Amino acid sequence: MATGVIFLGPPGSGKGTQAEILAKLLDIPHISTGEILRSAIANSTPLGQKAKGYMDQGELVPNELILDMVRERLHDQDIQKGWILDGFPRSVSQATFLDELLGEINYAAPCVIDLEVPHDVLIDRLLKRGRQDDTEETIRRRLEVYHEQTEPVTDYYRRKGNLHIVDGNRGTNEVTQSLKDIVQN
Ligand code: ADP
């Protein structure tokens, strides 16, 4: 059966890394909204130009920039076998949008994974990662935004009964093994 996987988890939790590994293992596309936006910025597209200011400040990009993009991506042919969403949904409004969208394309309930990592470990990892938006101030703001806007998404899926919490404060291989066990069941 087709697998739809959603990765939640704060910045620095390793969701990008794990999403990529799992996508290769399952041979399904890895859809990272952060990557799509960063590539739009690198190519100076209108989307990139509009998104940059928000990203530099650690704020979420407004829905009007992101929802159509996700809708189009999930209508592509290569998602028939499954997909992994990394960085979406990041707010309850995005989660309800995704529910409707999955209804449109006749997709079964996704498997939602929340990678948990202690706050001080996150800060440490992000400072070491050194991506362009990983300055101390944006890191602080991104973690706040996660707490305010994305944590409620965890509750949203917990209530629906498809949330899996995974300890992300372990070696990459151990985390991958837990994810395989969840997704292949
Ligand atoms: P991180 O590893 O820090 O979570 P991402 O690559 O997922 O990084 O996202 C980087 C930035 O891209 C976010 O801080 C936000 O500004 C923007 N972004 C990514 N996905 C979304 C989304 N679904 N809604 C709004 N903004 C988003």
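For the structure given in this document, a descriptive report is provided here. What you see is a predicted model, and the numbers here were worked out from it, not measured in a lab. (Residues numbered from 1 in each chain as written. Predicted model: local features only at pLDDT ≥ 70, side-chain atom pairs only at ≥ 80, totals over all residues. Heavy atoms only, no water.)

On to the packing of aromatic side chains, then. On inspection of all chains with the given rule, the structure shows 3 aromatic pairs. Measuring from ring centre to ring centre gives 5.4 Å for Trp-83 and Tyr-107, while their planes differ by 55°; the resulting arrangement is tilted. Here Trp-83 is found in strand S3 (residues 82-86), whereas its partner Tyr-107 is found in the loop between helix H5 (92-104) and strand S4 (111-116), with 24 residues between them in sequence. Residue Tyr-107 is classed as buried on the basis of its relative accessible area of 15%. (Phe/Tyr/Trp six-rings, centres within 6.5 Å; stacked < 30°, edge-to-face > 60°. Helix = DSSP H or I, 4+ residues; strand = E, 2+ residues; numbered from the N terminus. Buried < 20%, exposed > 50% of the residue type's maximum accessible area, 1.4 Å probe, protein only.)

When its volume is computed, the largest pocket comes out at roughly 640 Å³. In terms of lining residues, the largest pocket is bounded by 33 residues, among which Lys-15, Gly-34, Arg-38, Arg-90 and Arg-131 are the most central. At the level of elements, helix H1 (15-26), strand S2 (30-32), helix H2 (33-42) and helix H7 (136-160) are the ones that each hand at least two residues to the lining of the largest pocket. Ranked by the residues each element gives to the lining of the largest pocket, the list is headed by H2, at 5 residues. Here the residues of the lining of the largest pocket sort into 9 nonpolar, 13 polar and 11 charged. (1 Å grid on protein atoms, 1.4 Å probe; cavity = no way out; pocket = protein on both sides within 12 Å on 5 of 7 lines; lining within 4 Å. Points joined across faces, edges and corners; volume = space filled by probe spheres on them. Nonpolar A, V, L, I, M, F, W, Y, C, P; charged D, E, K, R; others polar.)

Attention now goes to the packing of H2 against helix H4 (residues 63-73). In contact at an axis separation of 11 Å, H2 and H4 are set at 110° when each is read in the N-to-C sense. Compared by their axis directions, H2 and H4 come out roughly perpendicular. The element H2 and its partner H4 pack so that their crossing is right-handed. Between H2 and H4, the contacting residues are Thr-33, Ile-36 and Leu-37 on the first element and Ile-66, Met-69 and Val-70 on the second. The residue makeup of the contact of H2 with H4, split by class, is 5 nonpolar, 1 polar and no charged. (Axes fitted to C-alpha atoms, helices over the stretch in contact; angles between N-to-C directions. Parallel < 35°, antiparallel > 145°, perpendicular 65-115°, else oblique. Left-handed = near helix turned anticlockwise from the far one by under 90°. Contact = heavy atoms within 4.5 Å.)

On to the side chain of Asn-162. Locating Asn-162 in the fold gives a position in the loop between H7 and strand S5 (163-167). Once residues lying within four places of it in the same chain are set aside, the contact partners of Asn-162 are Ala-109, Pro-110, Cys-111, Val-112 and Tyr-157.

Turning next to the site of the ligand. Taken together, 18 residues form the shell around the ligand, and within it Thr-33, Glu-59, Gly-87, Arg-90 and Arg-142 come nearest. Contacts to the ligand include Lys-15, whose side-chain N or O atom sits 2.9 Å from an oxygen atom. Gly-87 has a polar backbone atom sitting 2.9 Å from a nitrogen atom of the ligand. Relative to its unbound accessible area of 560 Å², the ligand is 96% covered by the protein chains. Structurally, the ligand is housed in the largest pocket. Ranked by residue count, the leading element in the shell around the ligand is H2, at 4 residues. When the residues that make up the shell around the ligand are grouped by side-chain class, the tally is 7 nonpolar, 4 polar and 7 charged. (Near = heavy atom within 4 Å. Polar contact = N/O pair within 3.5 Å; in protein donor to acceptor, adjacent residues only side chain to side chain. Areas by Shrake-Rupley, 256 points an atom, 1.4 Å probe, with all protein chains shown as cover. Sits in = over half its atoms within 2 Å of the grid points.)

In this section: the packing of H4 against H5. Where H4 contacts H5, the two axes come as close as 11 Å, and the packing angle between them is 25°. Taken together, H4 and H5 sit at an angle that is classed as roughly parallel. With respect to the hand of their crossing, H4 and H5 are arranged in right-handed fashion. Between H4 and H5, the contacting residues are Asn-63, Ile-66, Leu-67, Val-70 and Arg-71 on the first element and Ser-93, Gln-94, Phe-97, Leu-101 and Glu-104 on the second. Taken together, the residues that form the contact of H4 with H5 break down as 5 nonpolar, 3 polar and 2 charged.

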